[in-house]
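# Coordinate analysis (summary)
Listed below, chain by chain, are the residues.
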There are 2 protein chains.
Amino acid sequence: VRGAPKTGEGVKLGIGDDAAVLAPPRGELLVATVDAVVEGVHFDRRFTPAEIGWKALAVNLSDLAAMGARPLWALCALAAPRSTPPARLAAIGAGLARCARRHQIALVGGNVSAARDLSLTVTVLGSARADELLTRAGARRGDAILVSGTLGDAALGRRPGARAALARRQRQPIPRLELGRAIAPYASAAIDISDGLLLDLGRLCDASGVGATIRLESLPLSAAIRRAAPPRMCTGAALSGGEDYELCFTVAPRVLPAVLRAARLARCPVTDIGRIDAGKGVEVVQGGRPFRPGRAGHDHFD
Amino acid sequence: VRGAPKTGEGVKLGIGDDAAVLAPPRGELLVATVDAVVEGVHFDRRFTPAEIGWKALAVNLSDLAAMGARPLWALCALAAPRSTPPARLAAIGAGLARCARRHQIALVGGNVSAARDLSLTVTVLGSARADELLTRAGARRGDAILVSGTLGDAALGRRPGARAALARRQRQPIPRLELGRAIAPYASAAIDISDGLLLDLGRLCDASGVGATIRLESLPLSAAIRRAAPPRMCTGAALSGGEDYELCFTVAPRVLPAVLRAARLARCPVTDIGRIDAGKGVEVVQGGRPFRPGRAGHDHFD
């Protein structure tokens, strides 16, 4: 992957030996995640090669954002048909490199293999202070539920002929790293909602042993999505469309002002969409009355 | 992956959140590598599901062995056709789990995705003391060149109708972890020879800025390979067959006795096959006269 930083903080030995040698920041914990993007599943022919490379790294960074962690290093395994033009591989690498540069991540490991489907499997390693780690467990009754950015754009961006603004949300997700670190000292729990708000907030509730009620009218919808689809389709996409790579997190009422200030400093809009309660699972209300959503979420294996 | 240890040394938060949280051993460096096994490239229909899972982890452990590192944690991304029977996936997981248990590795991250080819991409993280790390650079003129085990078995084990003893060498490689750690204080350089002795020793020489001469008659050949093929084919497989997952390492003459003792304690046979010299690249001699090998190595992308 030409153009990606090969060295950086803590890189003692980068790509080129049997393994990379890394010095984790003293006094911090290591945070590690793996995610793959596969042709025909996570991207299609409308993606430019650079968008494929960007997305492969960005989806992992979104997971680190949800932990309140700082990404440091990435390892990338590429599988591609033998017939793939070298220029296409280079362009994919350039997209990944751009995302790595933007977030000051060193690419410390790589692997190339033949396969019928083009895919990139990226592992990202980062670090966080033990007392500032965010997990899915920790939400408590009465906590406010917040989400970053706007929801549903990526799902509608997948549709044929989608407007560029929406398509970009699916093809070039921006991991919410600054926000994740900014809220880490305050939030009680967090998750990245790549599989859709309902499904992922449900996971957060299960991990925390609580329930949640969210207000349909509070869901943040972009101007682009409102123009592109009728309200019912917008809220459906916001609840269950998936691939938004925004953060959903919970905050005790007394620290809510501090969180809103931290989010403002991180230049990331956040919206209060509901409350954690003593129930089980996620309930959606509209104008105070129960609302029955359709499909729960977006599963990349189905 | 049922049956794989989900927790272990330093695992603060395992599978089930957005990312794993790990505590690296104090005062040691982190060692990280990624490798993939893909259907039709690294394994075929003759592999049992358990052998696929085992190999996916073992090939990564071999890289850590070559660094003198101790593996701690693994993250595994599985891609599989939607039609894959759940029992087959479970059996693959069981094979990976067996390898993980044997080497006391915790599986701390996972990902499942649809794809046309079955593949497993595994990242292994381990640790090593800074003063005992092995790299490819460091071989010096006059150093002895040693290899572990026997060579060529895996390459001949790939042939249709290969004997079980040879086929097993390809399907269930045993990473030389104990040996790697035992020689780490003494060896000047090391590499895992998964792509074949000539190609990988050539990489070690390039990284070290030296040349090498190896003696054809010193190559360790198993009784099984000698029975299975004529001498010329055996030495060809030993030089360039690939997939042996043995270690090739270099040792200054004065510490050779200490290395041989360490290898004996690690219960791993090692063989002196040549010398590092001031040249460039790898020369093979037979009875003191130049020998011209055929194909240089085994490239998984070709």
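Structure first, text after, so check above.
Only a predicted model underlies this, so the values are computations on that prediction, with no experimental measurement involved.

This part is about the relation of the copies chain A and chain B. Aligned on chain B, chain A shows an RMSD of 0.0 Å; the corresponding rotation is 180° and the shift along the axis is 0.0 Å. The two molecules are tied by a two-fold rotation axis, judged by turn and shift.

With that settled, consider the interface of chain A and chain B. Chain A puts 56 residues into the contact, and the matching count from chain B is 56 residues. Summing both sides of the interface, chain A and chain B together bury roughly 4,300 Å²; the carbon and sulfur share of this comes to 59%. One can count six salt bridges joining chain A with chain B. Between A:Arg136 and B:Asp17 there is a salt bridge, with the nearest N and O atoms lying 3.7 Å from each other. Counting across the chain A and chain B interface gives 17 residue pairs in polar contact (both at pLDDT 80 or more). Elements supplying a minimum of two residues to the side of chain A that touches chain B: strand E1 (11–13), strand E2 (20–22), strand E3 (29–38), helix H1 (49–66), strand E4 (70–80), strand E5 (106–114), strand E6 (119–128) and strand E8 (189–192) of chain A. Examining the composition of the side of chain A that touches chain B, we find that nine residues originate from one element, E3(A), more than from any other.

This part covers empty space enclosed by the protein. Inspection of every chain in the model, using the stated rule, returns two cavities of 30 Å³ or more. Around the largest cavity, the lining is made up of 19 residues, and of these A:Ala79, A:Ala115, A:Ser119, B:Val38 and B:Ser119 lie nearest the centre. The biggest single contributor to the lining of the largest cavity is E4(A), with three residues. The volume enclosed by the second largest cavity comes to roughly 60 Å³. When contributions to the lining of the second largest cavity are tallied by element, the ones reaching two or more residues are E3 and E6 of chain A together with strand E4 (70–80), strand E5 (106–114) and strand E6 (119–128) of chain B. The element that contributes the greatest number of residues to the lining of the second largest cavity is E4(B), accounting for three residues.

You can see A:Ala77 is positioned in strand E4. The buried category is assigned to A:Ala77, whose relative accessible area is 3%. Between the alpha carbons of A:Ala77 and A:Phe47 there is a distance of 19 Å; along the sequence they are 30 residues apart. Among all residues touching A:Ala77, those that are not within four sequence positions of it are A:Asn111, A:Ser119, A:Leu120, A:Thr121, B:Val34 and B:Thr121.

Time to look at the state of the cysteines. Inspection of the entire model under this criterion finds zero disulfides over all chains. A:Cys205 supplies the cysteine sulfur nearest to A:Cys248, a cysteine that is in no disulfide, at a spacing of 8.1 Å. A relative accessible area of 0% means that A:Cys248 is categorised as buried. Free cysteine: B:Cys268, not disulfide-bonded; nearest cysteine sulfur from B:Cys248 at 13 Å.

Here we take up the nonpolar core. Among the nonpolar cores identified, the biggest contains 56 residues, and A:Val31, A:Leu57, A:Leu120, A:Val122, A:Leu179 and A:Phe249 are the most heavily contacted of them. It is H1(A) that contributes the most residues to this core, 10 residues altogether. Aside from chain neighbours lying at most four places away, what touches A:Leu179 is A:Ser148, A:Leu247, A:Phe249, A:Ala263, A:Ala266, A:Cys268 and A:Val270. In this structure, B:Val31, B:Ile92, B:Leu146 and B:Val259 belong to the second largest nonpolar core, which totals 55 residues.

The next thing to look at is the sheet that holds E5(B). One open sheet accounts for six strands, arranged E1(A)-E2(A)-E3(B)-E6(B)-E4(B)-E5(B); its pairing is mixed. The open sheet has two edge strands, E1 of chain A together with E5 of chain B, and neither has a second partner. Averaged over all pairs of adjacent strands, the angle between strand axes in this sheet comes to 25°, irrespective of strand direction. With eight bridges joining them, E4(B) and E5(B) adopt parallel strand pairing. Bridge pairing links B:Ala74 to B:Leu107 in E5(B). Packing of helix H1 (residues 49–66) of chain B onto the sheet brings it into contact with strand E3 (29–38), E4 and E6 of chain B, and relative to E3(B) it is tilted by some 145°.

Residue and element names in this part refer to chain A. One open sheet accounts for seven strands, arranged E8-E10-E7-E11-E9-E12-E13; its pairing is mixed. One side of each edge strand has no neighbouring strand; the edge strands of this open sheet are E8 and strand E13 (289–291). When the angles between neighbouring strand axes are averaged without regard to direction, this sheet yields 30°. As defined by bridge partners, strand E9 (residues 211–215) adjoins strand E11 (residues 270–277) across four bridges and the pair is classed as antiparallel. When the sheet's bridge partners are listed, Thr213 is paired in E11 with Arg275. Contacts from helix H6 (residues 197–208) reach strand E7 (144–148), E8, E9, strand E10 (247–251), E11 and strand E12 (281–286) within the one sheet, and its direction differs from that of E8 by about 145°.

Cut-offs applied
- Residues take numbers from 1 onward in each chain, read along the sequence in its written order.
- Note on labels: chains are lettered from A, ligands numbered from 1, in written order.
- The predicted origin of the model limits local features to residues at a pLDDT of at least 70 and limits the giving and counting of side-chain atom pairs to 80 or more, whereas totals for whole chains, interfaces and linings rest on all residues.
- Side-chain measures were taken over the full set of non-hydrogen atoms in the model, leaving aside hydrogen atoms and water.
- The least-squares superposition of copies is restricted to C-alpha atoms, and to residues with a pLDDT of at least 70 in both copies.
- Residue contacts follow a heavy-atom distance rule, with two residues in contact if any of their heavy atoms lie within 4.5 Å.
- Two parts lose some accessible area (1.4 Å probe) when they are put together, and adding that loss for both gives the buried area.
- Take a side-chain nitrogen of Lys or Arg and a carboxyl oxygen of Asp or Glu: if they are within 4 Å of each other, that pair is a salt bridge.
- We define a polar contact as two N or O atoms separated by no more than 3.5 Å, with the added condition that, inside protein, one atom must be a possible hydrogen donor and the other a possible acceptor, whereas residues neighbouring each other in sequence contribute only through side-chain atom pairs.
- The secondary structure listing takes helices from DSSP runs of H or I that are at least 4 residues long and strands from runs of E that are at least 2 residues long, numbered from the N terminus.
- The rule is simple: put a 1 Å grid over the protein atoms alone, call a set of points where a 1.4 Å probe fits but cannot get out a cavity, call an open set with protein on both sides within 12 Å along at least five of seven lines a pocket, and count a residue as lining if it has an atom within 4 Å of a point.
- Grid points are joined across faces, edges and corners, and a volume is the space filled by probe spheres set on the points.
- Per-residue accessibility, obtained with a 1.4 Å probe over protein chains only, is compared with the maximum for each type, and a residue is labelled buried under 20%, exposed over 50%, and partly exposed between these values.
- Counting rule for disulfides: a pair of cysteine sulfur atoms within 2.5 Å.
- We call a set of buried residues a nonpolar core when its members are Ala, Val, Leu, Ile, Met, Phe, Trp, Tyr or Cys and they connect through side-chain atoms within 4.5 Å of each other.
- A pair of strands is considered paired only if DSSP assigns at least 2 bridges between the two.
- A fitted line through C-alpha atoms represents every axis, and for helices the fit uses only the stretch in contact; the resulting angles, taken between N-to-C directions, go from 0 to 180 degrees.

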